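# Architecture and fold: a report
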Amino acid sequence: MKRPLIVNGFMASGKSSVGKRVAELTGRPFVDLDSRIEARFGAAIPRIFAEQGEGAFRRAEREELLAVLGTPGEAPVVAVGGGCLVRRELRLAALDQAVVVALQVTPEEVVERVGSDASRPNLAGDTRSRAEELLELRADAYHEAHARLETRGQSTHDVALKALAVWKRDPVAVASGEASYAVDVGSGVGPALLLASCEPSTAVLLISDGNVAPLHAAALEQLLHGAKKRLARLDFVPGEQNKTLASVQRALEAALAAGLDRKSKLVALGGGVTTDMTGFTAASYLRGVNWVGLPTTLLAMVDASVGGKTGVDLGEAKNAVGAFWQPSAVLCDVDYLKTEPERGYRSGLAEAVKTALIGDPELFELLERETAGIAARDADLLTDIVRRCIRVKARVVSADPREAGLRAVLNLGHTVGHAVEAQAGFERLTHGEAVSLGMIAALRIGQRLGHTPADLAARAQALLEKLQLPTAIEREPLAEAAELIGHDKKRAGSQVKFVFARGVGDVITAPVDLSELRELTRALAT
Ligand SMILES: NC(=O)c1ccc[n+]([C@@H]2O[C@H](COP(=O)([O-])OP(=O)(O)OC[C@H]3O[C@@H](n4cnc5c(N)ncnc54)[C@H](O)[C@@H]3O)[C@@H](O)[C@H]2O)c1
Ligand SMILES: [Zn+2]
């Protein structure tokens, strides 16, 4: 457990006792944030509220939490006050730097446990209606967590064991209000966590494709049967050309034929095509059911598994039909990558390089250093790589769930990349190969416009070559590709929001005139 465990939840949800119990079970230090603040002010909380005001309390709370998160050494268990993670900015920092469990309580339980405790200034007056009101106001603060744990009818010890299990799993959280979820990464996490991810559903539709199912579906089916789940199966015909409404219709019909209701789960086992289509099926079946993603390609793990974009192609128009619909859980089992075809695997590495450039210098160095382990698909190494990519993407997506702006950085290498991919008829180049070429284009254009230092461009090119990804952008038919720039959805009028790299982990977006960008792209030929 490298990151601290934060125990969050409403007043009287049992945060301190659960936190203390986890600390006892693990021998880790326990930090009660409220006690720290009381010590700092030399006064009890009601007095701090009365004399200094809630604002001063919240500022101190924020500073204390960030100090705990930034302290090196053994990661502690931290119980925070019920209002501490209400501010989203602090909550996102906590979700990034710690594992957060939120203890669930109902207003009735709060009344039962608190009575009319005068030491809780926020519950003054009619305790029950005040609790109801605050729980509603703070819903997101308790939904956006690595896990939500029920406390009703359970002993402190039992809840502590559950919190400890989450801490040990160390998943990545994707914060998306009520639709928040966790992504687990590791060798064997598919079979290990599938059943828990399907709870409490009794019926499951497992969707895979004709290549992946014969390799990996049987083990999961056996598990689901063993747990007495009602199970139906559907295999898509593999390939992007089958990422269509017709395939989704087949999946919808399979769900209906299997008698799935609102509480059932769809489980996607496959690459990005399967997860995108299963997610879209889940978004539309009965106006929305839960789904669990088990991505089996590197691309689907590092990119498609986070962000909640689901959908299908409409003829030539990629991803033209779809919905934002978050999975309820994602299990990235790196063992599945052992059977991924080589070219697809290499293509996935292009997105990993992109992600490292956007937000993780250590990942960039890891990719530079571990060429042999990457080629051998070493499970521990892949766990580290995939987890780091997901963490960067989760950070970006959590801060911009509906693609209002910040998410645009994820488009690094994709503006020219999409154009060369389209020019090649979506056949000669894979998406990742096109992104590799597109990153070279973005770095060189960045150099021309004074955003990108020459040594950064050289370093990124060397890494892509080491990973056996194409970099010879000058050999692409650039005049034709240039005409295709801006044909995707990312354009605003005559300008394109272009992503420039200034350093590893340091990217900016800036508008560029479409005509100028086309000219700069043609000029890459020389
Ligand atoms: N939703 C998003 O945010 C997002 C992000 C990136 C990409 N995508 C989508 O993902 C798709 C591309 O994903 P992909 O590259 O995973 O394609 P894919 O699903 O077509 O998989 C590639 C091929 O590998 C096979 N395969 C998959 N896993 C395997 C395994 N473990 N062993 C053996 N064979 C395996 C598949 O059957 C297929 O033939 C595109 O449609 C793209 O639009 C979505
Ligand atoms: Zn991409």
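Here is a short report on the structure shown in this document. (Residues numbered from 1 in each chain as written. Chains lettered and ligands numbered in written order. Predicted model: local features only at pLDDT ≥ 70, side-chain atom pairs only at ≥ 80, totals over all residues. Heavy atoms only, no water.)

## Overview of the pairing of strand β10 (residues 265–270)
Worth spelling out the cut-off: Residue exposure (1.4 Å probe, protein chains only): buried if accessible area is under 20% of the type maximum, exposed if over 50%, otherwise partly exposed. Strands are runs of DSSP state E lasting at least 2 residues, helices are runs of H or I lasting at least 4, and numbering of each runs from the N terminus. By definition, two strands form a pair when at least two bridges between them are found by DSSP. Call a crossover right-handed when, viewed with both strands pointing away from you, the route from the first strand across the helix to the second goes clockwise.
A large share of β10 lies buried, amounting to six of its six residues. Side chains of β10 alternate between two faces, with K265, V267 and L269 and L266, A268 and G270 buried alike. Sheet analysis places strand β8 (residues 203–209) next to β10, joined by four bridges and oriented parallel. Across the sheet, residue L205 finds its bridge partner in β10, namely L266. Taken together, the six bridges between β10 and strand β11 (residues 290–295) define a ladder with parallel strand orientation. Residue pairing in the sheet places V267 in a bridge with V292 of β11. For the crossover that starts at β10, traverses helix α13 (residues 272–284) and ends in the parallel β11, the hand is right-handed.

## Describing helix α5 (residues 88–97)
Keep this limit in mind: Between two residues, a contact is recorded if the distance between any of their heavy atoms is within 4.5 Å.
What α5 keeps buried is the set L90, R91, A93, A94, L95 and D96. On its buried side, α5 packs onto β1 (5–9), α4 (54–70), β4 (99–104), α8 (139–143), β6 (172–174) and α18 (379–399).

## Details of the sheet that holds β1
Just so we agree on the cut-off: The axes are straight lines fitted to the C-alpha atoms, using for helices just the contacting stretch, and the angles between their N-to-C directions are given from 0 to 180°.
Pairing within the open sheet is parallel, and its five strands lie in the order β2-β3-β1-β4-β5. Lying at the two open borders of the sheet, with one neighbouring strand each, are β2 (30–32) and β5 (147–150). When strand polarity is set aside, the average angle formed by the axes of neighbouring strands in this sheet is 25°. In the packing of helix α2 (residues 33–41) onto the sheet, the strands contacted are β2 and β3 (77–79), and the crossing angle to β2 comes to about 60°.

## Brief notes about the packing of aromatic side chains
How we decide: What counts as a ring pair is set by centres within 6.5 Å for rings of Phe, Tyr and Trp (its six-membered ring), and what kind of pair is set by the plane angle: stacked under 30 degrees, edge-to-face over 60, tilted for all other angles.
In total, this model carries three aromatic pairs according to the counting rule given. Here the aromatic rings of F10 and Y142 are separated by 6.3 Å at their centres, their planes lie at 80°, and the arrangement is edge-to-face. Of the two residues, F10 sits in the loop between β1 and α1 (15–26) while Y142 sits in helix α8, which places them 132 residues apart along the sequence. A residue is classified by how much of its surface remains accessible, and F10, at 1% relative accessible area, is buried. Residue Y142 is classed as buried on the basis of its relative accessible area of 6%.

Geometric descriptors of this kind do not, in isolation, establish any biological role.
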